[in-house]
Amino acid sequence: MFGQGTKLIVKGRPLSSPEISLLIPAVQQESTPDQLTVLCQVKNFYPDYVSVSWSVDGQDALGDKKDTKAVRSSDGTYSMSSILSMSRSAWDAAQAFICQVQHESLKTPASQSVSKSQCLE
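What comes next concerns the included structure. (Residues numbered from 1 in each chain as written. Predicted model: local features only at pLDDT ≥ 70, side-chain atom pairs only at ≥ 80, totals over all residues. Heavy atoms only, no water.)

Under the criterion given, the structure shown has 1 disulfide. In this model, Cys40 is linked to Cys99 through a disulfide, with the two sulfur atoms separated by 2.0 Å. The sign of the S-S torsion, about -75°, decides the handedness of the disulfide formed by Cys40 and Cys99: left-handed. Pair noted here: Cys40 is in strand β2 (residues 35-45) and Cys99 is in strand β8 (residues 96-102), with a separation of 59 residues, a long-range link. Look at Cys99 and you get buried, because its relative accessible area is 0%. (Disulfide = S-S within 2.5 Å. Helix = DSSP H or I, 4+ residues; strand = E, 2+ residues; numbered from the N terminus. Buried < 20%, exposed > 50% of the residue type's maximum accessible area, 1.4 Å probe, protein only.)

Note that Ser82 resides in strand β7 (residues 78-87). Leaving out residues up to four positions away in the same chain, Ser82 has contacts with Val38, Leu39, Cys40, Val52, Trp54, Lys65, Lys66 and Asp67. (Contact = heavy atoms within 4.5 Å.)

Time to look at the layout of surface pockets. In this structure, the largest pocket encloses a volume near 170 Å³. Considering the residues around the largest pocket, the lining is formed by Val56, Gln59, Asp60, Ala61, Leu62, Gly63, Leu84, Met86, Ala90 and Ala94. Of all the secondary structure elements, the ones that give two or more residues to the lining of the largest pocket are β4 (59-60) and β7. Class assignment of the residues belonging to the lining of the largest pocket gives a composition of 7 nonpolar, 2 polar and 1 charged. (1 Å grid on protein atoms, 1.4 Å probe; cavity = no way out; pocket = protein on both sides within 12 Å on 5 of 7 lines; lining within 4 Å. Points joined across faces, edges and corners; volume = space filled by probe spheres on them. Nonpolar A, V, L, I, M, F, W, Y, C, P; charged D, E, K, R; others polar.)

Moving on: the pattern of salt bridges. Within the structure shown, the criterion is met by 2 salt bridges. The partner of Lys66 in a salt bridge is Asp64, with the nearest N and O atoms 3.3 Å apart. With relative accessibility at 53%, the residue Lys66 sits in the exposed group. Under the relative-accessibility criterion, Asp64 is labelled partly exposed at 38%. Across the pair Asp67 and Lys65 runs a salt bridge whose closest N-O atoms are separated by 2.9 Å. The partly exposed category is assigned to Lys65, whose relative accessible area is 37%. (Salt bridge = Lys/Arg side-chain N within 4 Å of Asp/Glu carboxyl O.)

Residues in a regular strand project their side chains so that they alternate between the two faces of the sheet. For strand β1 (residues 19-23) and β2, the ladder comprises 5 bridges, and the chain directions are antiparallel. Residue pairing for β2: Ser21 is matched across the bridge by Gln41. Bridge count for β2 against β7 is 9 bridges, and the pairing is antiparallel. Residue pairing in the sheet places Cys40 in a bridge with Ser82 of β7. (Pairing = 2+ DSSP bridges.)

Below, the structure is given as structure tokens:
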């Protein structure tokens, strides 16, 4: 019997390290002009648990963070996304975004960063 929050992982395949990519919003988002989102896609990892954190300009992100559940791919690896939502004023003040991922296959967390200057204005 396991305690609450304990997860048993039976490994049927070797560890697979996550691949990370960041998608930043277009300057004009039609649906919610006062809210903008930055998307961190985490793909091809095994086993299925990852921890994602965000920073903006070197500080912990203050926006609203939502993580999707890990979904199993046909090759047995998993993918998930983390979405950071922020106000237009927070977006305007920010310069750089970092998505940091922790996974048991990694000795140190992996990260992907993007600066606003990479956006097409």
